[in-house]
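The primary structure of each chain is shown beneath.
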2 protein chains.
Amino acid sequence: MSAPIPTRRPAVEFWFEFGSNYSYLSVMRIEAMAHRSGVAIVWRPFLLGPIFQALGMKTSPFVAQKEKGAYVQQDMARQCVKYGLPPWIWPTTFPRVSVLPARIALLGADQPWIAAFCREVMLLNFVRDEEIDDPANLAPILAALGLPPDRILAEAQDDSIKRRLREQTEEARSRGVFGAPTFFVGSEIFLGNDRLEDAFSLAAEQGRATGNRA
Amino acid sequence: MSAPIPTRRPAVEFWFEFGSNYSYLSVMRIEAMAHRSGVAIVWRPFLLGPIFQALGMKTSPFVAQKEKGAYVQQDMARQCVKYGLPPWIWPTTFPRVSVLPARIALLGADQPWIAAFCREVMLLNFVRDEEIDDPANLAPILAALGLPPDRILAEAQDDSIKRRLREQTEEARSRGVFGAPTFFVGSEIFLGNDRLEDAFSLAAEQGRATGNRA
């Protein structure tokens, strides 16, 4: 008799950046999508800045190219209506520095509070239009989630977390990520909030094919 | 008694380029979408090359950036499956010169054969992997549509059509088009095959609001 094959819940790797407006849309939608499809989320915060630099870009293409920026304004306004999110405003600072919340998200990637934390940071950036790299703005979010802000903010600044965020960003680059959000299902790569459904469909399908379910 | 207000069928302006792979997806889908939603299509062929040049780009971003090119391969393969199109191949020449078919499409933009002509040119490029700027490859397409190839090919090379294609491309640029396909519903601009449904939904909704139907 052979031992039972361990089942592994199908999963989508979710690569996102707190300064990215299309990542905002996906962060707000992904937990509900995961529940509906019985697929797990592997939370993969990273920094887009070093990726853009490696590709020879100085900043977001939405800032560098005025046509793209003007379009993204229209598109985001409509997308927010479509997904039932608050009316879209262009943040007064864009893209915002997102190092500190990315470190906290890395620290909490496997914790039950990760989804709610990410949503709150995104709302801070894209609805409340406030800085997200500021401990004074993040502490109340952590406290509201029942977490000890001081301890988490300290742990997030530990050298090991700083190094892991650099490594995770380098992994994104080496796996061909060039924008956010990006989803992986195994080696299949999906770019953009528009591919959220496709990524979860593929993961759920693969889960059914191997008999693994949520 | 006032005269009845003339009704105008709601419409989507469809800006496309025969060398563009995402335009291919929309050209194959748009006529069925228009029928389903009771919305007219205003066919707007243009050339992406001059637009890219005006934006400081030498070629398609899918060629210029290898990460994007690698991604688009995966994405197109999946999109073709999703839309029931033939298996995706990357054309041996990309992006293909598309001046001649664009001129013919401009000539026939209001003709009943426009949708079928555009589909056949796209299949020539993206399925049969053949040159689309070649009269010898376009003549059989025109003939199969019951049209006189020699006359149409001659008319398409008339100076007035050449000038109109330049003007149409310039109009695209001046209205903020920076990629293809692009859809307009009035002043609302939608970029990419992923926004086809949204553009037609908006046009249909505006049609209902003003009491205009197909």
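Residues numbered from 1 in each chain as written. Chains lettered and ligands numbered in written order. Predicted model: local features only at pLDDT ≥ 70, side-chain atom pairs only at ≥ 80, totals over all residues. Heavy atoms only, no water.

### A word on the nonpolar core
All names here are of chain A.
Then, number 1: Counting 65 residues, the largest nonpolar core has Phe18, Tyr24, Trp43, Ile104, Phe117, Cys118 and Phe200 as its most contacted members.
Then, number 2: For this core, the element with the highest residue contribution is helix α6 (residues 114-126), accounting for nine residues.
Then, number 3: Apart from the residues lying within four places of it in its own chain, the contact partners of phenylalanine 18 are Ser98, Pro101, Ala102, Ala105, Phe117, Cys118, Val121, Met122, Asn125, Phe126 and Ile132. (Core = buried A, V, L, I, M, F, W, Y, C linked by side-chain atoms within 4.5 Å. Buried < 20%, exposed > 50% of the residue type's maximum accessible area, 1.4 Å probe, protein only. Helix = DSSP H or I, 4+ residues; strand = E, 2+ residues; numbered from the N terminus. Contact = heavy atoms within 4.5 Å.)

### Concerning the packing of helix α7 (residues 135-144) of chain B against helix α8 (residues 149-156) of chain B
A pair of packed helices is captured by two measures, namely the crossing angle of their axes and the spacing between those axes.
Residue and element names in this part refer to chain B.
Then, number 1: Relative orientation of the contacting elements α7 and α8 amounts to 125°, with a least axis distance of 9 Å. With respect to their mutual orientation, α7 and α8 come out oblique. At the point where α7 passes α8, the crossing takes the right-handed sense. Between α7 and α8, the residues in contact are Pro135, Ala139, Leu142 and Ala143 and Pro149, Ile152 and Leu153, respectively.
Then, number 2: By residue class, the composition of the contact of α7 with α8 is seven nonpolar, no polar and no charged. (Axes fitted to C-alpha atoms, helices over the stretch in contact; angles between N-to-C directions. Parallel < 35°, antiparallel > 145°, perpendicular 65-115°, else oblique. Left-handed = near helix turned anticlockwise from the far one by under 90°. Nonpolar A, V, L, I, M, F, W, Y, C, P; charged D, E, K, R; others polar.)

### Some remarks on the pattern of salt bridges
Then, number 1: Applying the stated criterion across every chain yields a total of 36 salt bridges over all chains.
Then, number 2: The residue Glu131(A) makes a salt bridge to Arg96(A) at a minimum N-O spacing of 3.1 Å. Of the two residues, Glu131(A) is situated in the loop between α6 and α7 (135-144) and Arg96(A) in the loop between α4 (66-82) and α5 (99-107); the sequence distance between them amounts to 35 residues.
Then, number 3: Of the residues examined, Arg96(A) reaches a relative accessible area of 4% and is grouped as buried.
Then, number 4: The partner of Asp194(B) in a salt bridge is Arg195(A), with the nearest N and O atoms 3.0 Å apart. Of this pair, Asp194(B) sits in the loop between β4 (188-191) and α10 (196-209) while Arg195(A) sits in the loop between β4 (188-191) and α10 (196-209), each in a different chain.
Then, number 5: The exposure class of Asp194(B) is partly exposed, given its relative accessible area of 27%. (Salt bridge = Lys/Arg side-chain N within 4 Å of Asp/Glu carboxyl O.)

### What to know about the sheet that holds β4(A)
Residue and element names in this part refer to chain A.
Then, number 1: Taken in spatial order, the four strands of this open sheet run β2-β1-β3-β4, and their pairing is mixed. Edge positions in the sheet fall to β2 (40-45) and β4, since each of these pairs with one other strand and no more. Mean inter-strand twist for the sheet, computed between neighbouring axes without regard to direction, equals 25°.
Then, number 2: By the bridge criterion, four bridges tie strand β3 (residues 182-185) to β4 in an arrangement that is antiparallel. Bridge pairing in β4 links phenylalanine 183 to phenylalanine 190.
Then, number 3: The strands touched by helix α9 (residues 159-174) are β1 (11-16) and β2; relative to β2, the strand with the most contacts, the crossing angle is about 105°.
Then, number 4: The strands touched by α10 within the sheet are β1, β2, β3 and β4, with β3 carrying the most contacts at an inclination of about 15°. (Pairing = 2+ DSSP bridges.)

### Let's talk about the relation of the copies chain A and chain B
Then, number 1: Note on the identical chains: chain A maps onto chain B by a rotation of 180° and an axial translation of 0.0 Å, with an RMSD of 0.0 Å. Here the copies are linked by what is in effect a two-fold axis. Judged by C-alpha distance, Asp194(A) is the residue of chain A that lies nearest the rotation axis, at 3.6 Å.
Then, number 2: An overlap of 100% is found between the interface residues of chain A and their copies at the interface of chain B, pointing to a shared contact surface. (Least-squares fit on C-alpha atoms with pLDDT ≥ 70 in both.)

All quantities given are derived from atomic positions and should not be read as evidence of function.
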